[in-house]
Amino acid sequence: MLDVVVIDGKARGIIARNLITGEIERHFGHSVLLASGGYGNVFYLSTNAMGSNVTASWKAYKKGAFFGNPCFTQIHPTCIPISGDHQSKLTLMSESLRNDGRVWVPKKQNDPRSPKDIPEDERDYFLERRYPAFGNLVPRDVASRAIKERCDAGYGVGTSKQAAYLDFADSIKRLGENVVSAKYGNLFEMYEKITGENPYKVPMRIYPAIHYTMGGLWVDYNLMTTVPGMYALGECNFSDHGANRLGASALMQGLADGYFVIPYTLGDYLAKEIGTKAISTDHPAFVEAEKGVREQIQKLLSVKGKTSVEHFHKKLGKIMWNNCGMARNEKGLTEAKAAVRALREEFWKDVRVMGTADEFNPDLEKAGRVADFMELGELMIDDALNRRESCGGHFREESQTEEGEAKRDDDKFAYVAAWEFKGVGTPAELHKEELKFDTVHLAQRSYK
Ligand SMILES: Cc1cc2nc3c(=O)[nH]c(=O)nc-3n(C[C@H](O)[C@H](O)[C@H](O)COP(=O)(O)OP(=O)(O)OC[C@H]3O[C@@H](n4cnc5c(N)ncnc54)[C@H](O)[C@@H]3O)c2cc1C
C-alpha cells in the first residue's frame, strides 16, 4: 500500500503497487484498516523482519492521521551482539532466558580473560547487585540500560566489548543440563549456529537491540485514527503500551484489536455509511493519489545517483541508534535532527535505484521505505526533544535520578504527544492528549 485515498474527509480507499508486476492499483473501501506493523527498522539494525516498514502509517500521517509518541521505542536486552559492519539484521534470544541465565561482566575494566578464567568473586552480577528485588528479571528497558552502562564504562566483553554474559552455569549445576535443554534447547542451538559457541559450556553474549515501537498512529478507543473511517490495529497504532510495553504484549494487542474491538467498532461506523454507494476509483481523489504515487516512483528512479539505498538506510540507522536510541540528550538529538535532514537531501540528490517501475523491483520498494524512514526519523527526534523527561523506553540523560534511573516528570509530561503533519521539513504540530489516572496513580518505578 503506497497511499490512502481520502474523500470529503473520510478514508475511502488505497493505492497499492503490485510487488510482482509493478502495476499500480486503486482499491475502494467504505473504510480503511491499517495493520502494517511497527517501524523499528528505521534504526536499520533491529530484531524486526526485514520487510517491516513505516510506509502505510506514514502515508496515513501525511493524509491527516496524527502520529502518537513516535519516540517510544522498546529495546530488548537479550539479543546476539553485533558482530561487524556487514550485518543487516539482529537476532533476538528469547526473554525467557533471563529466568535462568545470570547477567554479568568482569569487575575489571577491559578484562581480556575468557569467562572460564574469571573467578566468581571477580564477576559483577550487576542486575542482581543494582536491583536485588528483581535481579535478572527487571524490565527490558532497565536491563538494557544497565548493560549499556556497564559496556560504556569499559566492562563490556567479547571482541567488540559491547556485550555482557548471560550465564547458565549455575542453572545447569542446580537443575541439570537435561532440564535446561528441555527449556531452552532450541535457543541454545540457534545461538551456537550463529556464534559458533556452545552456551552449555561458555556463557552467551548479549546486547540490547531495537525490538518494538510503542509509538504509531494515534487512535481512539474504537481504533479510529483522526481521519474518519481510517483505523489502525496492532503495532502500527500507538495505543495500549504507553512508553514501555511493560504489562501488555503484542499478542494481547493483536487479539484485542483484531478479534474483540474492531468487529464491533467498525460495524458501528459502517452502519452509518450504509447509504453511501461504492465510489468509483475514477473519482478525482483516486486519480490524484495515484498520480502522487507514480511521481514518487519516477522521482526515485530518476535521481540516478551513485549511492545505494542500503547505504542511506544504514547511515540513517546509525544516526538514530546513536542519538535517539537507548539514551537521548538535547545536544545529540539536535545534532541528529540536522544530520537526518542533511542525509535526506543527499538521498534525493545521490540515491541510485536499480531497475524499472514495471517489474519486480525490491530495490525500488526499499527506496520508498527508506524515503519514508528519513522523514519519520525527524519526527521521532522532534518527539524525543519535546519530551524532556525519562519515560519507559525514552531515556533522557538530563532526566535521571541520582542512581542513574529514569526520572519521570508527570507534572509536565503526563500526555500523549499526537503530532499533526504540516509538510516535509516543516515542524509538525503537537497536540496533547492529557492522561488521567483515577484508580492507579502514576509513580516513579523502582526495582530495588
Ligand atoms: C523476533 C521477534 C519476537 C517477538 N516475540 C514476541 C513475543 O514473544 N510476544 C509478543 O507479544 N510479541 C512479540 N513480538 C512482537 C510481535 O511479533 C509484533 O509486535 C506483532 O507481530 C505485530 O503484529 P502486527 O499484526 O501489528 O504487525 P506485523 O506482524 O508486523 O504485520 C504487519 C504486516 O503488514 C505488512 N505491511 C507493512 N507495510 C505494508 C504496506 N505498506 N502495504 C502492505 N502491507 C504492508 C507487513 O508485510 C506485514 O505482513 C516479537 C517480535 C519479533 C520481531
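Parameters at a glance
Residues numbered from 1 in each chain as written. Predicted model: local features only at pLDDT ≥ 70, side-chain atom pairs only at ≥ 80, totals over all residues. Helix = DSSP H or I, 4+ residues; strand = E, 2+ residues; numbered from the N terminus. Rg over C-alpha atoms; globule rule 2.2 N^0.38 Å. Buried ≥ 20, exposed ≤ 12 C-beta atoms within 10 Å, placed from the backbone. Pairing = 2+ DSSP bridges. Contact = placed C-beta atoms within 7 Å. Axes fitted to C-alpha atoms, helices over the stretch in contact; angles between N-to-C directions. Expected span 1.5 Å × (residues − 1). Arc of directions from axis to C-beta.

Help me understand the overall build of the chain, please; the structure alone is not making it clear to me.
Of regular secondary structure, the chain possesses 11 helices and 16 strands. For the chain, the C-alpha radius of gyration of 23 Å lies close to 22 Å, the compact-globule estimate for 448 residues. Projected onto its principal axes, the C-alpha positions of the chain cover 75 × 55 × 45 Å. Every one of the 448 residues in the chain was classed for burial, and the buried ones make up 41%.

Mind showing me how you'd approach the sheet that holds strand E15 (residues 415-420) here?
The pairing of strands in a sheet happens through backbone hydrogen bonds and is either parallel or antiparallel. Judged by pairing direction, the sheet is antiparallel, and its four strands sit side by side in the order E11-E5-E15-E16 without closing on themselves. Unpaired on one side and paired on the other, strand E11 (216-217) and strand E16 (429-434) mark the two borders of the sheet. Inspection of the sheet shows strand E5 (residues 67-68) paired to E11 by two bridges, in the antiparallel sense. What sits directly across from Phe67, in E11, is Leu217. Lying on the sheet, helix H10 (residues 362-386) is in contact with E5, E15 and E16; it crosses E15 at an angle near 145 degrees.

Mind showing me how you'd approach the sheet that holds strand E6 (residues 73-79) here?
Spatially, the five strands line up as an open sheet ordered E6-E10-E9-E7-E8, and their pairing is antiparallel. Of all the strands in the sheet, the pair left with one neighbour each is E6 and strand E8 (123-124). Pairing analysis gives five bridges linking E6 to strand E10 (residues 204-213), with the strands arranged antiparallel. Paired with Gln74 across the bridge in E10 is Tyr212. Where helix H3 (residues 140-155) meets the sheet, its contacts fall on E6, strand E7 (102-106), E8, strand E9 (164-167) and E10, and the angle it forms with E6 comes to roughly 65 degrees.

Is there a simple way to think about helix H9 (residues 330-350) in this case?
An α-helical turn contains 3.6 residues, so any two residues separated by three or four positions project in the same direction. The first and last C-alpha atoms of H9 sit 30 Å apart over 21 residues, in line with the 30 Å expected at 1.5 Å per residue. Along H9, the positions that sit buried rather than exposed are Leu333, Ala336, Lys337, Val340, Arg344 and Phe347. Buried residues of H9, seen end-on, are gathered within an arc of 105 degrees and therefore sit on one face of the element. Residues Lys331, Ala338, Ala342, Glu345 and Lys349 are exposed on H9 and point more than 90 degrees away from its buried face. Taken together, the buried residues of H9 touch helix H8 (309-324), strand E14 (351-352) and H10.

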